[in-house]
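# Geometric and topological summary
This is what each chain is made of:
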Amino acid sequence: MLNRLLLLTFGLCLAAPLHAQERPLSFVDLMQMKTTRHASLSDDGQWMAFTAMPDRGDSEVHVYSTDGQRHYTVPNASFPVFSADGRFAAMTINPTLAQRETADKDDMPRKAMALLATATGGVHTVTDVESFGFSADGRWLGYHHFPFKGEDGETVADEAGTLFMLRNLDTKQESAIDEVKAYAFSPEQPHMVYATATANGSTNSLVHLDLTAASPTGSPNMLHTAEAAAYAELTWHRTEAALAFVVSTDSTEAKTAALMTWVPGNDPTERVAVGEAPEGWHVPSRNTLRWSDDGARLFFGFRPVPDMEPEADPADSTAAFDPYDLDAILADREVDVWHDQDPLVNTQQKQRWKGQQERTYMAAYHLAEDRYVPLETLEMAVSSSPTSTGYVVGRVTAPYEREVTWDGSYFDLYAVSLDDGERTMIAERLGSTTQASPGGRYVVFYHEKNYHLYDTNDGSTRNLTADLGVPIANEDHDYPSAAPGYGIAGWTTGDAAVLLYDKYDLWHLPADGSTPIQVTNGRATDKTFRIIRTDPNQRAFAPDASLMLSSYDNERKNSGFYRVMLNDPASLTALREESNHVEFVDHADDADRILFTQENYDEFPNYWITSPDFSDPARLTDVNPQVRDFAWGNSELIEWTTPDDVRLQGVVIKPDGFEEGKQYPVLVYFYRFMSQRLHQFNDPRVNHRPSFPVYASDGYIVFLPDVRFQIGAPGISATRAVVSGVQKLVDLGWADPAALGLHGHSWSGYQTAFIVTQTDMFDAAVAGAPVSNMTSAYGGIRWASGRARQFQYEKTQSRLGGSLWEVPERYIDNSPLFFADRITTPTLIQFGDDDGAVPWYQGIELYLAMRRLDKDVVFLQYRGEGHHLSSYANKLDYAIKMKEYFDHYLKGAPAPAWITDGVLYNGK
């Protein structure tokens, strides 16, 4: 009945005739549309796999041969992973939607594992599998079962391990290993380790298996065993046969552990362990271990020894009750003290508390010298990846934490020596990008619209970009804060040069101060070029590297792929550049095959396969063929000029069968820059945003205008941009001036609420999670982070550029609440009452003002929801109500009772 109702309500005929095979898109149709994720190529480039997930329903894994000859589908599956040789793909099997929606929590089926043989398509399924993984050579599959459930439904003790199976993929023989708590395959070597844990902890151990053996479980190599031992962080080096782990026998809350390393072939009794920790510190079992690229250092974390709660004195429980014992009474108090000198406001302290208690502080263990070097302190965090041999980057934020409340986040920058931990200050009060070179000699940092290079050899600093002759700071930055840079693209080998971006181009800047090279010609062609890292593990580029680049045409809004030799700008060559949007997905590790997606407004981003020169691109998938059954509409770009002479662009989505000279109802959806969506397929899901094809297929024009802001006047800027853009549509004869709708959420929810106080152009407006009163919002809290909201108004998105006391008129002039008496547009306000970004009382303030002024307003409060709705029932309800609202006010459809009469509280 519901499906039929939805089709009747939203499957309305377009004003213009549809093609015979096309029809309007209903919300039921939208629920069945699929998105894709988890896509990858096998190492040999012969296979690709991905998960297809409908907006509501059951996922599938699809596996394709890249020659297009074979295609397998595994129902209810997700997260596919290939074996190294491409012979198999393993994946998770999930409970069905029906099971998730109807089963009791205790009866919910557990996840399973499916193993697909790519040669035949045969699928082997195993139930109750928590995790799985392949050996480096693809000969072995390991899978770990969930804890056993007894007849009473209770699982075994959390401390105990569970059944682990090792499957020989050549012979299909399996070996069972009981009581496994954790396991790890070496990424590129034929080794595996597993940790066992018994219910009473009497024989816990860490065991190594040599996977070159015909039956590795028959000759296990005991690395460590101890009563009540808990093994964690089993960490292999990425390429070498070297293992690190922590082991704890500490039964206290502190869980102090020992850090150990081992290399296969060495005597397990001679493994190396870190010595005593510094006074007041310990190595916790919950840790993060990382190897340096060369395997000479292991990075791990110390943690301050926690203050252990003293055990209660049994005698206290027998003490006579004293109703006037002040200490006993006050023991039950619950009070927070907010002090003006607190480094962070109390709510932010609370949000950070758990993370701070679990934080580890990085140290480097030098294996050859059997010594460790603390790198981080309570005040200093190391922010760069510890892959270098010389220095890493340290940040100290403490001097600036108090002003985070109203300003940006700042830090003092240090170079921290991996050899001895010595800290050298590089610069003070930075707020943006920093990065150490892979070899650790240089540190690059951004400050005052330029990048600077610090040399650890002599402590010198020089400006890298002052003489480039082009802006390095963000050219589109319209916030009352310092404009950031466009980012560091990478380094060349030997720390010889750093690669940087401006708005358009890639630059090669030698560390020795020799002449910079502009690698691309984007500024001259109005294109933005960026490096595509086809190998995510690559630390640096060769000086003559052939780079794959993405391109984006800032005027035409299409994207493409290019290639250039790093040392030869003249070699810049287009590989694929058409009137669409393309995205790099994956590169096969051992073959010249590239996976990418191609999309347009009416073309789903299917997967394509090609060689690196793009001479043979071929589409592999057709994930949503039903798109062709609907009147999806088509997109085009328009431009206009605002009353204050700002040139803007926007996307117009026209319904199929669009007729010149005929006027259409218009739905405006916006935020900031939107024109880049010209060639992008609209995310096919039910959520807080209007689905563009649902509206376009029902005879609406959907308009996505760009907005550029003036500091101190965000509301007026939005009004000028949006109103002039809509007026352009009216002047073109496309828009019905009596059927104009406006929709925004969060920042654009605010803009929507403000715009309707300044103009009577719009006939209906939907404002999701809008700020309505900047004076009260300024003094609020972003509950999700605990951070005070002052910074947003003074320095970031709200763009007011000063405090409430410095520029009070800006807070009033840009607040919809103070002009609510001018609103003539019927307005629908939506909020979740657990919104962690915008306090939901902002919606109440606007609702109460409009109600008091006898304006046409409806307020939708979704109970227990955050800034974006998460419950599917709530998302669907809002999407339906939004469509009903616009249909009534813009198309004259009958109004449902919730619009005309409201819905009185009925106890639910």
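Above this text you will find the structure in question.
Cut-offs applied
- Residues numbered from 1 in each chain as written.
- Predicted model: local features only at pLDDT ≥ 70, side-chain atom pairs only at ≥ 80, totals over all residues.
- Heavy atoms only, no water.
- Helix = DSSP H or I, 4+ residues; strand = E, 2+ residues; numbered from the N terminus.
- Expected span 1.5 Å × (residues − 1).
- Bend = angle between axes of the 7 residues up to and from the residue.
- Buried < 20%, exposed > 50% of the residue type's maximum accessible area, 1.4 Å probe, protein only.
- Contact = heavy atoms within 4.5 Å.
- Pairing = 2+ DSSP bridges.
- Axes fitted to C-alpha atoms, helices over the stretch in contact; angles between N-to-C directions.
- Salt bridge = Lys/Arg side-chain N within 4 Å of Asp/Glu carboxyl O.
- Polar contact = N/O pair within 3.5 Å; in protein donor to acceptor, adjacent residues only side chain to side chain.
- Patch = residues over 30% accessible without salt bridge, like charges linked within 9 Å, V, L, I, M, F, W, Y side chains within 5 Å.
- Areas by Shrake-Rupley, 256 points an atom, 1.4 Å probe, with all protein chains shown as cover.

Attention now goes to helix H5 (residues 346–358). Given a rise of 1.5 Å per residue, 13 residues ought to cover 18 Å, and the 19 Å separating the end C-alpha atoms of H5 matches this to within 8%. Within H5, the axis deviates most sharply at Arg352, by approximately 45°. The complete set of buried residues in H5 reads Asn346, Thr347 and Gln348. The secondary structure elements touched by the buried residues of H5 are strand E51 (781–782) and strand E52 (787–788).

Moving on, we come to the sheet that holds strand E32 (residues 460–463). Ordered by their spatial adjacency, four strands build an open sheet running E29-E30-E31-E32, and the pairing between neighbours is antiparallel. Either end of the sheet is taken by a strand with one partner, and the two such strands are strand E29 (434–436) and E32. Along the sheet, successive strands turn relative to each other by an average axial angle of 20°, direction set aside. Where strand E31 (residues 450–455) meets E32, four bridges bridge the pair, whose relative direction is antiparallel. Within E32, the position partnered with His452 by the bridge is Asn463.

Let us now look at the environment of Asp502. Here Asp502 is to be found in the loop between strand E34 (497–501) and strand E35 (506–510). Since its relative accessible area comes to 0%, Asp502 is described here as buried. Residues Asp502 and Gly487 lie 15 residues apart in sequence; the distance between their C-alpha atoms is 7.9 Å. Excluding residues that lie within four positions of it along the chain, Asp502 makes contacts with Val470, Pro471, Ile472, Tyr486, Trp507, Arg523 and Arg530.

Turning to the pattern of salt bridges, a few remarks are in order. Here the idea is simple: oppositely charged side chains can pair when their charged atoms come close. With the rule as written, the count across this model stands at 43 salt bridges. Residue Lys354 is joined to Glu358 by a salt bridge in which the shortest nitrogen-to-oxygen separation is 2.7 Å. Placement of the pair is Lys354 and Glu358 together in helix H5, with a separation of four residues, close to one helical turn. The exposure class of Glu358 is partly exposed, given its relative accessible area of 30%. Residue Lys881 pairs with Asp877 through a salt bridge whose shortest N-O separation is 2.8 Å. Linking Lys881 with Asp877, this pair stays in helix H14 (residues 872–891), spanning four residues, or about one helical turn. Given a relative accessible area of 16%, Lys881 falls into the buried group. Connected through shared salt-bridge partners, Asp85, Arg87, Asp137, Arg139 and Asp170 make up one network.

With respect to the helices and strands, the residue Asn687 is situated in the loop between strand E47 (664–669) and helix H7 (692–696). Residue class for Asn687 comes out buried when judged on its relative accessible area of 12%. Along the backbone, Asn687 and Thr261 are 426 residues apart, and their C-alpha atoms lie at a distance of 49 Å. Ignoring sequence-local partners within four residues, the contact set of Asn687 consists of Lys875 and Ala879. A polar contact of 2.9 Å, which involves the side chain of Asn687, links it to the backbone nitrogen of Arg689.

A cluster of nonpolar residues, Leu326, Ile329 and Leu330, forms a patch on the protein surface that exposes about 290 Å² of accessible area. Note that Leu326 resides in helix H4 (residues 326–330). Given a relative accessible area of 60%, Leu326 falls into the exposed group.

Moving on, we come to the sheet that holds strand E39 (residues 559–565). Strand pairing in a sheet relies on backbone hydrogen bonds, with the paired strands running either antiparallel or parallel. The strand order across the open sheet formed by four strands is E37-E38-E39-E40, and the pairing between neighbours is antiparallel. The open sheet has two edge strands, strand E37 (527–531) and strand E40 (568–577), and neither has a second partner. For this sheet, the mean angle separating the axes of adjacent strands, direction not counted, is 30°. Pairing geometry for strand E38 (residues 546–553) and E39, over seven bridges, is antiparallel. When the sheet's bridge partners are listed, Tyr552 is paired in E39 with Ser559.

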